[in-house]
Amino acid sequence: MKVKIEDHAEQEIRISKYLQGQFAEHLGHGIYDGIWVGKDSPIENVNGLRSDVVNALKQLHIPVLRWPGGSYADEYHWQNGIGPVEKRPKTINHSWGAVVEDNSFGTDEFFELCRQLGCEAYININMGSGTVEEMVNWIEYMTADGDSYFANLRRQNGHPEPYKVKFLGLGNEAWMGGGYMRSGYYADVYRRFQTYVSEYNGPLYKIASGPGDDNFAWTKSLSELAEPFMDGMALHHYALTNNWEHKGDAVNFTTEDWVSLLNSARQMDSLISRHLELIPKTTDLIVDEWGTWFEPLAGTNPAFLIQQNTMRDAVVAATTLNIFNKYADRIKMANIAQMINVLQSMIMTDGSQIVLTPTYYVFKMFQLHQDSRLLAAFHEVNNDLNYTVSEKDHEYIISVCNVNPEKAHDLTLTLPQSLGQTTYAKCLSSSQMNAHNDVAHPDVVTDQDFTGFKVMDHDLKLNLEPMEIVTLKFPIK
Ligand code: AHR
């Protein structure tokens, strides 16, 4: 199979680095034990954040992190999570298992995490059970620089400089757990909250709670009623093996399950394109929750959403990132759910040990596309191959994913200009559909050097094994 890649240099479309964003919620071990162990922990940490996890995440160059939820955002009262830890109240996490939340990880700890990861902050405001006043005070605490009560409270808590908040989400899944609102009512509440968003320390990019899956009526209504007030509208879509009642097992699955999960993941393409037809051109699409969702790991608290992560998850991740790249002109940000220990995570922890998942390695490879110029993306070849070709610093960056778990494929990409000596060639592959890493076997699926390619002038000939994902980089001659 041969594909010619064109370079329409006149349409300068950048693959925003924010398409590789992450999401960390107060859910199970997403924060506690996963990344926050506290300063007195025997696990090596810097200011309470475990060093093994931070160091592994730094390799991904995470551009942005969404916090504190998700569903939890709509029950989070930020003032519970500031000041001396011993004085913080213990509350109940009603969203996820009614466990006690000791609030030891709060606003200042979140910004410390962003500092250590070198990423930007996406704060999700409580619109479900919170007030405008609470939001106003939180924004002042985080970003105000003058002599005001909440800015001074931040200083008193040891943080003289204001933080930078890049993105602000107003509500979450407002049509469901975020208040079971109807679209017209949500649009009005959104308009009211956003009125009082003050900008002290740079612009705040405002995101409305958009549709889940194919709720086009929500998108249409919100677009009509709130258009001048939104910078972005959120979309949530999870990949399921069957449906919400039968989410399927993360590890024990058949080839048919593989195909149906991949079809569910690939729906992202048509969902994005149909929602974009309804969203005004002045509003970006933000996919701030996506990924696989399976039945919880046996023996774990079902409210903690712990699931294993296999080669199949890696193929879902690569395919979805290739879909996002295809729409890079209209999607500003995406956030996989979730960064650690929850759903399709990058890292799973077990006490003092950590395991990097197959999905982690996909993000490690795909980071080369961050802020590169898009040439071509997704276009499925034989229904089995999807890809991204982009350019940065006078190098071509090429990622290809073979979604077929049983069939190898050859693909020749003809690039607009001839290729120099490769500067990066990695792959993720396995002969087992459900290959995964665990504490006892942490290196079953890891990125490897990729040798299955040949370069002939403008042509790059690739031999892809079943379910193989590759990323290569070539100087442009
Ligand atoms: O990511 C887990 C949950 O899924 C989020 O909290 C919620 O927004 C969604 O339903």
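Residues numbered from 1 in each chain as written. Predicted model: local features only at pLDDT ≥ 70, side-chain atom pairs only at ≥ 80, totals over all residues. Heavy atoms only, no water.

1. Comments concerning the overall build of the protein chain
Then, number 1: Looking only at helices and strands, the protein chain features nine helices and 25 strands.
Then, number 2: The globule rule puts the C-alpha radius of gyration for 477 residues at 23 Å, and the 22 Å found for the protein chain is close to it.
Then, number 3: Overall size of the protein chain, expressed as C-alpha extent along the three principal axes, is 65 × 50 × 45 Å.
Then, number 4: Sequence-distant contacts in the protein chain: of pairs separated by 6 or more residues, those separated by 24 or more amount to 74%.
Then, number 5: Counting 38 positive and 61 negative side-chain charges, the protein chain places the centres of these two groups 4 Å from one another. (Helix = DSSP H or I, 4+ residues; strand = E, 2+ residues; numbered from the N terminus. Rg over C-alpha atoms; globule rule 2.2 N^0.38 Å. Contact = heavy atoms within 4.5 Å. Lys, Arg positive; Asp, Glu negative; His and termini not counted. Charge placed at Lys NZ, Arg CZ, Asp CG, Glu CD.)

2. Thoughts on the site of the ligand
Then, number 1: As a matter of local geometry, the ligand sits amid Phe23, Glu25, Gly70, Ser71, Trp96, Asn172, Glu173, Tyr238, Glu289, Trp293, Gln338 and Leu343.
Then, number 2: Contacts to the ligand include Glu25, whose side-chain N or O atom sits 2.7 Å from an oxygen atom.
Then, number 3: The residue inventory of the shell around the ligand, partitioned by class, reads five nonpolar, four polar and three charged. (Near = heavy atom within 4 Å. Polar contact = N/O pair within 3.5 Å; in protein donor to acceptor, adjacent residues only side chain to side chain. Nonpolar A, V, L, I, M, F, W, Y, C, P; charged D, E, K, R; others polar.)

3. Some details on the pairing of strand S15 (residues 347-350)
For a regular strand, side chains alternate in direction, first toward one face of the sheet and then toward the other.
Then, number 1: Bridge count between S15 and strand S16 (residues 353-356): four bridges; the pairing is antiparallel. In the strand pairing of S16, Asp350 is matched with Gln353.
Then, number 2: Where S15 folds back on S16, the antiparallel hairpin that results is connected by two residues, among which Gly351 adopts a positive phi of roughly 60 degrees. (Pairing = 2+ DSSP bridges.)

4. Structural notes on the pattern of salt bridges
Then, number 1: Tallied over the entire structure, the rule returns 16 salt bridges.
Then, number 2: Between Lys364 and Asp447 there is a salt bridge; the shortest N-O distance is 3.1 Å. Pair noted here: Lys364 is in helix H9 (residues 358-366) and Asp447 is in the loop between strand S21 (424-428) and strand S22 (448-449), with a separation of 83 residues, a long-range link.
Then, number 3: The buried category is assigned to Asp447, whose relative accessible area is 14%.
Then, number 4: Residue Glu395 is joined to Lys473 by a salt bridge in which the shortest nitrogen-to-oxygen separation is 3.0 Å. With Glu395 in strand S19 (residues 395-402) and Lys473 in strand S25 (residues 469-475), this residue pair connects regions lying 78 residues apart in the sequence. (Salt bridge = Lys/Arg side-chain N within 4 Å of Asp/Glu carboxyl O. Buried < 20%, exposed > 50% of the residue type's maximum accessible area, 1.4 Å probe, protein only.)

5. Observations concerning the sheet that holds strand S20 (residues 409-414)
Then, number 1: Taking strand neighbours across the sheet as the criterion, the four strands line up as S1-S20-S24-S23 in an open arrangement whose pairing is mixed. With one partner strand each, in any of the chains shown, strand S1 (2-4) and strand S23 (453-456) form the two edges of the open sheet. Taken pair by pair, the neighbouring strands of this sheet meet at an average axis angle of 20 degrees, ignoring direction.
Then, number 2: Looking at chain direction, S23 and strand S24 (residues 459-464) are connected through four bridges and run antiparallel. Residue pairing across strands places Met456 opposite Asp459, the latter belonging to S24. (Axes fitted to C-alpha atoms, helices over the stretch in contact; angles between N-to-C directions.)

6. Here's the deal with the environment of Asn404
Then, number 1: In this fold, Asn404 is placed in the loop between S19 and S20.
Then, number 2: On a C-alpha basis, the gap between Asn404 and Glu101 in space is 43 Å, while along the polypeptide they are 303 residues apart.
Then, number 3: Residues contacting Asn404, with those up to four places away along its chain left out, are Asp384, Pro466 and Met467.
Then, number 4: A distance of 2.8 Å separates a polar atom in the side chain of Asn404 from the backbone nitrogen of Glu406.
Then, number 5: Reaching out from Asn404, the side chain makes a polar contact with the backbone nitrogen of Lys407 at a distance of 3.1 Å.

7. Let's talk about the nonpolar core
Then, number 1: Judged by nonpolar contacts, the single largest core of 125 residues is most densely connected at Leu57, Ile123, Tyr186, Ile272, Trp290, Phe324 and Ile469.
Then, number 2: In terms of residue count, the dominant contributor to this core is helix H8 (residues 311-326) (nine residues).
Then, number 3: Residues Val381, Val389, Leu411 and Phe450 belong to the second largest nonpolar core, which totals 26 residues. (Core = buried A, V, L, I, M, F, W, Y, C linked by side-chain atoms within 4.5 Å.)

8. Examining the sheet that holds S21
Then, number 1: Spatially, S2-S17-S18-S19-S25-S21-S22 is the arrangement adopted by the seven strands of the open sheet, whose pairing is antiparallel. The outermost strands of the open sheet, each flanked by one partner alone, are strand S2 (14-15) and S22.
Then, number 2: H8 rests against S2, strand S17 (372-381), strand S18 (385-392), S19, S21 and S25 of the sheet, and its axis sits at about 120 degrees to S17.

9. A short note on the domain arrangement of the protein chain
Then, number 1: For the protein chain, the domain assignment lists domain 1 (16-371) and domain 2 (377-475).
Then, number 2: On a C-alpha basis, the centres of domain 1 and domain 2 stand 29 Å from each other.
Then, number 3: At the junction of the two partners, domain 1 supplies 36 residues and domain 2 supplies 39 residues.
Then, number 4: Across the domain 1/domain 2 interface, buried area totals approximately 3100 Å², and carbon plus sulfur atoms make up 67% of it.
Then, number 5: Considering only the surface of domain 1 that becomes buried against domain 2, Met311, Met365 and Leu368 emerge as the three largest contributors, covering 24% of it. (Domains from an automatic or database assignment. Buried area = accessible area lost by both parts, 1.4 Å probe.)

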